[in-house]
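# Inside the fold
Chain by chain, the residues:
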Amino acid sequence: MAMLMAVANYVTARVRSRKGQNTVEYLMMLAVIVGVILVIGKMFKPQISQIFNQIMTMISGAAQSVGSTQ
């Protein structure tokens, strides 16, 4: 909660100055991008887990085949 208050105070201080206007715009864009990534990650979590498991299986199989030829 303290971190959230610190960010809110930082944003408020930047809003009051003209130099901070760009900073606030970038922070808002970053918040939107992070939100989109979180929503996409939540939607595709089962598929992402399955893909990582397949990759781990393929790597493990490749490592075993390399180890068995020597």
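Residues numbered from 1 in each chain as written. Predicted model: local features only at pLDDT ≥ 70, side-chain atom pairs only at ≥ 80, totals over all residues. Heavy atoms only, no water.

Take the overall build of the protein next. Looking only at helices and strands, one finds three helices and zero strands in the protein. Each helix and strand of the protein, placed in order from N terminus to C terminus, yields the pattern α-α-α. Considering the protein as a whole, with its 70 residues, one finds that 3% of them fall into the buried category. Per element, the accessible surface of the protein, about 6500 Å² overall, is 70% carbon and sulfur. (Helix = DSSP H or I, 4+ residues; strand = E, 2+ residues; numbered from the N terminus. Buried < 20%, exposed > 50% of the residue type's maximum accessible area, 1.4 Å probe, protein only. Areas by Shrake-Rupley, 256 points an atom, 1.4 Å probe, with all protein chains shown as cover.)

With that settled, consider the environment of S65. Along the chain, the position of S65 falls in helix α3 (residues 45-69). Since its relative accessible area comes to 37%, S65 is described here as partly exposed. In this structure the side chain of S65 is engaged in a polar contact, spanning 2.9 Å, whose partner is the backbone oxygen of A62. (Polar contact = N/O pair within 3.5 Å; in protein donor to acceptor, adjacent residues only side chain to side chain.)

Further remarks concern the confidence of the model for the protein. When pLDDT is averaged along the protein, the result is 81, and 79% of the positions lie at 70 or above. The lowest-confidence element of the protein is helix α1 (residues 2-16), averaging 72 in pLDDT; the highest-confidence one is helix α2 (residues 20-43), averaging 87. (pLDDT = per-residue confidence, 0-100.)

With that out of the way, let us pick up a nonpolar patch on the surface. A contiguous nonpolar surface patch, about 1000 Å² in accessible area, is contributed by V32, V36, V39, I40, M43, F44, I48, I51, F52, I55 and I59. Those elements that place two or more of their residues in the nonpolar patch are α2 and α3. Relative to the helices and strands, I59 is located in helix α3. (Patch = residues over 30% accessible without salt bridge, like charges linked within 9 Å, V, L, I, M, F, W, Y side chains within 5 Å. Salt bridge = Lys/Arg side-chain N within 4 Å of Asp/Glu carboxyl O.)

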